[in-house]
Amino acid sequence: MRKVLLPFLVFLTLVLACGGAVWADTVDDPLHGFCNGTGTGTCSDNTTNTPLGNSTTFGFSISPGPQTGDLLLDILVPNNYILPASFAITGTQGGLLNDQSISTTATLVSNTAWTSGTLATYLGITASPTNPIGAYLPTATALDPGATGFYDFQAETGTSKIWDNANEANGPTFTMVNGLGAGGYIIGFCSTGCSSPYVATANSGALVVTPEPPSLAMLCAGLLALAALASRSSLTA
């Protein structure tokens, strides 16, 4: 009897001690961006976010999956940009529904920028995870020092079957959004039909626009040249 009870008690203790974290992972890490970047522009989660690199398509997987629900795309635009009227969103449903196209428009959620707190609070929704601004703004300001927050453009893409990471290509795949510059983000929400009121994107799975390596090198060279010019001017003044 002791040999049977001891493993059970050990298991029960681990469940009580760690179970919250295990279930929290299921809830708190549900959507994750994927994209098709290759070579030096490979799309890969760096534990902070997922740079789009030179990707031309993107989408979102869900954990656990598959789940069927209303997929929303939110485009976060640094608040020092000149804002467009909207963003065109195009793509296909994927998998067996690959011939069914997606065509919609992302429009501005609010004339007031998101500058503090969580994105869920800003949008007035209950979502998990809540997406604190600190998970996004540091990367944005590193790429765009003038940014102090984001404007949110949201698009409803319709009811979709969203798959797990291993089968992500079976779900919706979108064409890269035109007009979104460095420091901008694309994140997803799954609403009606998914396992909570709004299933949000894991912070590390948020897709961020970064300069491609050649462009980044040119940017750095330009900044160094400006710094050298400024230094020379101060010496001759």
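Please refer to the structure higher up on the page.
Summary of the structure given here.

Criteria and thresholds
Residues numbered from 1 in each chain as written. Predicted model: local features only at pLDDT ≥ 70, side-chain atom pairs only at ≥ 80, totals over all residues. Heavy atoms only, no water. Helix = DSSP H or I, 4+ residues; strand = E, 2+ residues; numbered from the N terminus. Buried < 20%, exposed > 50% of the residue type's maximum accessible area, 1.4 Å probe, protein only. Contact = heavy atoms within 4.5 Å. Areas by Shrake-Rupley, 256 points an atom, 1.4 Å probe, with all protein chains shown as cover. Polar contact = N/O pair within 3.5 Å; in protein donor to acceptor, adjacent residues only side chain to side chain. Disulfide = S-S within 2.5 Å. Core = buried A, V, L, I, M, F, W, Y, C linked by side-chain atoms within 4.5 Å. Pairing = 2+ DSSP bridges.

Here we take up the overall build of the chain. A tally of helices and strands in the chain yields four helices and 10 strands. The linear arrangement of helices and strands in the chain, starting from the amino end, is α-β-β-β-β-β-β-α-α-β-β-β-β-α. The 237 residues of the chain split such that 38% are buried. Taking the contacts inside the chain whose residues are at least 6 apart along the sequence as the reference set, 73% of them involve residues at least 24 apart. As presented, the chain carries roughly 12,300 Å² of accessible surface, and 61% of it is formed by carbon and sulfur atoms.

With that out of the way, let us pick up the side chain of Thr 157. Tracing the backbone shows Thr 157 in strand E7 (residues 150-162). By relative accessible area, which is 8% here, Thr 157 ends up buried. From its side chain, Thr 157 meets the backbone oxygen of Leu 71 in a polar contact 2.7 Å long. Excluding residues within four positions of it along the chain, Thr 157 makes contact with Leu 71, Leu 73, Gln 93, Ile 102, Thr 104 and Phe 174.

With that out of the way, let us pick up the state of the cysteines. In the structure shown here, the tally under the stated rule is two disulfides. Covalently, Cys 190 is tied to Cys 194 through a disulfide, its sulfur atoms 1.8 Å apart. Across the disulfide from Cys 190 to Cys 194, rotation about the S-S bond amounts to roughly 65°, and the bridge is consequently right-handed. Note on accessibility: Cys 190 and Cys 194 belong to one class, buried. When the cysteines engaged in disulfides are numbered in sequence order, the chain pairs them as 1-2, 3-4.

Attention now moves to the nonpolar core. Within the largest apolar cluster, 30 residues are counted, with the highest numbers of intra-cluster contacts made by Leu 52, Phe 58, Ile 75, Phe 87, Ile 89, Ile 186 and Leu 207. Sorting the residues of this core by element identifies strand E1 (31-35), strand E3 (57-62), strand E4 (67-78), strand E5 (86-92), strand E6 (101-108), E7 and strand E9 (185-190) as the ones contributing at least two each.

Along the chain, the position of Ser 63 falls in the loop between E3 and E4. Between the alpha carbons of Ser 63 and Ile 162 there is a distance of 9.3 Å; along the sequence they are 99 residues apart.

What follows deals with the pairing of E7. As paired elements, E4 and E7 share 11 bridges and run antiparallel to each other. By the bridge assignment for E7, Ile 75 is matched with Phe 153. The sheet contact formed by E6 and E7 spans two bridges and is antiparallel. Note that in E7 the partner of Leu 108 across the bridge is Phe 153.

Bringing the environment of Thr 139 into the picture now. Position of Thr 139 among the secondary structure elements: in helix H3 (residues 137-143). When near neighbours in sequence (up to four residues on either side) are disregarded, Thr 139 contacts Thr 48, Asn 49, Tyr 185 and Val 208.

Without other data, these values stay purely geometric and don't point to any function.
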